[in-house]
Amino acid sequence: MMYYWMSCFALLRRHQANLLFLSSFTENIDLKWLSYLLASVLVLMCIRLLSLFITEITPFSPILYFGGIIVLAYTSLTQQSIYLTEASLPVEKDEIEAKKETNERLTPAQVGKLQRIILQKTQEEKLYLDPQLTLSAWH
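Residues numbered from 1 in each chain as written. Predicted model: local features only at pLDDT ≥ 70, side-chain atom pairs only at ≥ 80, totals over all residues. Heavy atoms only, no water.

> Help me understand the overall build of the chain, please; the structure alone is not making it clear to me.
Helix and strand counts for the chain come out as 5 helices and 0 strands. For the chain, the sequential pattern of α-helices and β-strands runs α-α-α-α-α. Evaluated residue by residue, the chain yields a buried proportion of 10% over its 139 residues. Pairs at least 24 apart in sequence give 54% of the contacts found in the chain among residues at least 6 apart. Summed over all atoms, the accessible surface of the chain reaches about 12200 Å², with 66% contributed by carbon and sulfur. (Helix = DSSP H or I, 4+ residues; strand = E, 2+ residues; numbered from the N terminus. Buried < 20%, exposed > 50% of the residue type's maximum accessible area, 1.4 Å probe, protein only. Contact = heavy atoms within 4.5 Å. Areas by Shrake-Rupley, 256 points an atom, 1.4 Å probe, with all protein chains shown as cover.)

Structure follows, in structure tokens:
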């Protein structure tokens, strides 16, 4: 169990380092709940070890386990969403038809040229790393 816990702790640290390396916007990424989860498991393991070696604690270990699991469950249930989602409004059928008509003003050659420009900018400027760049930002 200790080996598993240490492996999870190392993976969490490595994941946090990778987030800093791969993501340009890390202010909204909060992994404290994973740290709390690991700390809770460590506390439960310590309760188990103490109950093995200190016989006075053994009768209270079920109560301590129960309290630890309640705290663990509460923090797990109250964590924020990992991935932010946009609130999507239902689109009327007329709005979809109007958008289709506006897109038809471009020739296939113009669409291809714009597609190449967008792909080039996306690759050169790494636009995919910008968390503020969403479909709703284009409206």
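> Explain the pattern of salt bridges here, please?
Per the stated rule, a full pass over the model turns up 1 salt bridge. The closest approach of N and O atoms between Glu 125 and Lys 121, which form a salt bridge, is 3.2 Å. Here Glu 125 and its partner Lys 121 are both found in helix α5 (residues 108-125), 4 residues apart, which amounts to about one turn of the helix. Judged by its relative accessible area of 47%, Glu 125 falls in the partly exposed class. (Salt bridge = Lys/Arg side-chain N within 4 Å of Asp/Glu carboxyl O.)

> I'm lost on the packing of helix α2 (residues 32-53) against helix α3 (residues 61-77) in this one. Help?
Pairs of packed helices are described in terms of their axes, by the angle between the two and the distance that separates them. At a minimum axis distance of 10 Å, the contact between α2 and α3 shows a crossing angle of 175 degrees. Put simply, α2 runs roughly antiparallel to α3. Together, Leu 37, Ser 40, Leu 44, Ile 47, Arg 48 and Ser 51 of α2 and Ser 61, Leu 64, Tyr 65, Gly 68, Ile 69, Leu 72 and Ser 76 of α3 make up the contact between the two elements. When grouped by side-chain class, the residues that make up the contact of α2 with α3 number 7 nonpolar, 5 polar and 1 charged. (Axes fitted to C-alpha atoms, helices over the stretch in contact; angles between N-to-C directions. Parallel < 35°, antiparallel > 145°, perpendicular 65-115°, else oblique. Nonpolar A, V, L, I, M, F, W, Y, C, P; charged D, E, K, R; others polar.)

> Looking at this structure, how should I read α3?
Every α-helix winds through 3.6 residues per turn, so residues three or four apart in the chain are directed the same way. In this model, α3 (17 residues) spans 24 Å end to end at C-alpha, consistent with the 24 Å of a helix rising 1.5 Å per residue. Among the structural elements, α2 are those in contact with the buried residues of α3. (Expected span 1.5 Å × (residues − 1).)

> I'm lost on the packing of aromatic side chains in this one. Help?
The geometry of an aromatic ring pair comes down to the distance between the two centres and the angle between the two planes. Counting across every chain of the model gives 1 aromatic pair. Centroid distance Trp 5 to Phe 9: 5.4 Å. Interplanar angle 10 degrees. Geometry classified as stacked. Here the residue Trp 5 and the residue Phe 9 both occupy positions in helix α1 (residues 2-22), the gap between them amounting to 4 residues, near one helical turn. (Phe/Tyr/Trp six-rings, centres within 6.5 Å; stacked < 30°, edge-to-face > 60°.)

> Would you explain the nonpolar core in this entry?
One broad rule of soluble globular proteins: the nonpolar side chains tend to lie buried together. Counting residues in each nonpolar core, the largest one holds 6 residues, listed as Trp 5, Leu 12, Leu 19, Leu 31, Leu 38 and Met 45. Counting residues per element, the ones that place at least two in this core are α1 and α2. At 3 residues, α1 tops the list of elements feeding residues into this core. (Core = buried A, V, L, I, M, F, W, Y, C linked by side-chain atoms within 4.5 Å.)

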